[in-house]
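# Breakdown of the fold
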Amino acid sequence: MEIRQLQYFMAVCEEMHFTKAAEKIGVSQPTLSQQIRALEDELHMPLFDRIGKKIALTEAGQMLLNNATVIMNTLQNTKDSIADLRHMHGGKIRVGIMPSDLDYRITQLVVDYHREFPKVKLMIIASIDILRQVLESEVDIGVGLNVPPTDRVVSIPLCNEEYVLTVSDKHPLAHRTSVDINELKDLPMIIYPEGFMGRNLVEGVVQKYGFRLHSILETSSATSIINLVRANLGATVQPYPLIRQMNDPELKTIRINGDAPSRSLSIIYRSDRYLSQAAKALIERIKEFFQSQSTL
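Residues numbered from 1 in each chain as written. Predicted model: local features only at pLDDT ≥ 70, side-chain atom pairs only at ≥ 80, totals over all residues. Heavy atoms only, no water.

## Regarding the environment of phenylalanine 289
In this fold, phenylalanine 289 is placed in helix α11 (residues 277-293). Spatially, the C-alpha atoms of phenylalanine 289 and leucine 109 are 6.9 Å apart, while their sequence positions differ by 180 residues. Apart from the residues within four sequence positions on either side, phenylalanine 289 is in contact with Arg105, Ile106 and Leu109. (Helix = DSSP H or I, 4+ residues; strand = E, 2+ residues; numbered from the N terminus. Contact = heavy atoms within 4.5 Å.)

## Some details on the packing of helix α1 (residues 3-15) against helix α3 (residues 29-43)
The packing of two helices is summarised by the inter-axis angle and the distance between the axes. Contact geometry of α1 with α3 gives a least axis separation of 9 Å together with a crossing angle of 110°. Considering their axes alone, α1 and α3 lie roughly perpendicular with respect to each other. Packed against α1, whose contacting residues are Arg4, Gln5, Tyr8, Phe9 and Val12, the element α3 presents Leu32, Gln35, Ile36, Ala38, Leu39 and Glu42 at the interface. A breakdown of the residues in the contact of α1 with α3 according to their chemical character gives 7 nonpolar, 2 polar and 2 charged. (Axes fitted to C-alpha atoms, helices over the stretch in contact; angles between N-to-C directions. Parallel < 35°, antiparallel > 145°, perpendicular 65-115°, else oblique. Nonpolar A, V, L, I, M, F, W, Y, C, P; charged D, E, K, R; others polar.)

## Things to note about unusual backbone geometry
Even without being a glycine, serine 137 presents a positive backbone phi close to 60°. Along the chain, serine 137 falls in the loop between α7 (130-135) and β5 (141-145).

## Here's the deal with the packing of aromatic side chains
For the structure shown, the criterion picks out 5 aromatic pairs. Arranged with centres 5.8 Å apart and planes meeting at 5°, the rings of tyrosine 192 and phenylalanine 196 form a pair that is stacked. Its relative accessible area of 12% is what places tyrosine 192 among the buried residues. A residue is classified by how much of its surface remains accessible, and phenylalanine 196, at 21% relative accessible area, is partly exposed. Joined through ring pairs, the aromatic side chains of Phe9, Phe18 and Phe48 make up one cluster. (Phe/Tyr/Trp six-rings, centres within 6.5 Å; stacked < 30°, edge-to-face > 60°. Buried < 20%, exposed > 50% of the residue type's maximum accessible area, 1.4 Å probe, protein only.)

## Notes on the pairing of strand β8 (residues 188-191)
Across 4 bridges, the pairing between β8 and strand β9 (residues 214-218) is parallel. Note that in β9 the partner of isoleucine 190 across the bridge is leucine 217. (Pairing = 2+ DSSP bridges.)

## A closer look at α1
An α-helix turns once every 3.6 residues. As a result, residues three or four positions apart point the same way. Here α1 is 13 residues long and its end C-alpha atoms lie 19 Å apart, about the 18 Å a rise of 1.5 Å per residue gives. Buried within α1 are the following residues: Gln5, Leu6, Tyr8, Phe9, Ala11, Val12 and Cys13. Where α1 terminates, the next one or two residues include methionine 16, which has phi positive at roughly 50°. (Expected span 1.5 Å × (residues − 1).)

## Observations regarding the pattern of salt bridges
Taken as a whole and assessed by the stated rule, the structure comprises 26 salt bridges. Residue lysine 24 pairs with glutamate 15 through a salt bridge whose shortest N-O separation is 3.6 Å. For the salt bridge of arginine 285 with glutamate 116, the shortest nitrogen-to-oxygen distance reads 2.5 Å. Within this pair, whereas arginine 285 is found in helix α11, its partner glutamate 116 is found in helix α6 (residues 107-116), the two being separated by 169 residues in sequence. Arginine 285 sits in the partly exposed class, given a relative accessible area of 24%. The exposure class assigned to glutamate 116 is partly exposed, which follows from its relative accessible area of 42%. When salt bridges with common partners are traced through the structure, they connect Glu194, Arg199, Glu203, Arg212 and Glu218 into a single cluster. (Salt bridge = Lys/Arg side-chain N within 4 Å of Asp/Glu carboxyl O.)

## Brief notes about the environment of isoleucine 106
Along the chain, the position of isoleucine 106 falls in the loop between α5 (99-104) and α6. For the pair isoleucine 106 and alanine 260, spaced 154 residues apart in sequence, the C-alpha to C-alpha distance is 24 Å. The residues contacting isoleucine 106, other than those within four sequence positions of it, are Ile97, Asp101, Ile124, Phe289 and Phe290.

Spelled out as structure tokens, the structure:
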């Protein structure tokens, strides 16, 4: 059994179509079929049920897929660890982070890390689906809303961040230092569309008080929300550390008394993924950075 054969087999499992799998990995369909037959001959078991033009994994095929995934992950981890030994502080790290934090918050973190590890290439990717990206190895490390640890995911708690009402310095409430949560009712709001984590989190709290936010403008861009609030078209509710990082004199933050919305952040990565020394150092810098900013 060869690594190449396992790669061919896994490609067929992913596409569930021999021709599409062959195109994906850049071989002819007869070559791919021949390699799968060779695997089946070696194992003395069929790996796929062929029903007309459709195929499905047999029990033996599912067993091979489970173990092949472990084998390929182990092989990649081995390559990564040897490359890390060879290059030490070089390589590439892909980090998934929520768009608002990417736009407004982590610039100094990236600057400081690059100065310390100039040979490491950082790829910072904005995402609202960080857990999926971590599980599918689209990113090496994720920074987002708290995820409970599982057998597949390591989760390191970062901080808990309180949300505040944010308005323009020309807003009628700009002189206030705090508001009761019921005062958010009927207040014209500029917020994320329904389905976005920040929107769902705040709505979940105010609905306990019998109302929903009064949305007058919605945008998926944190930059647009802030620009519209700065123009005094409405208010918004955002994490306090995020607004504080902007250091914008035209924005005023107002604490929400009582049951203020809050979010818990964590670092996540796959438990079976090799982390380079540079990646471990980045995790430590992220922990220090977010924890230092989390107080109100």
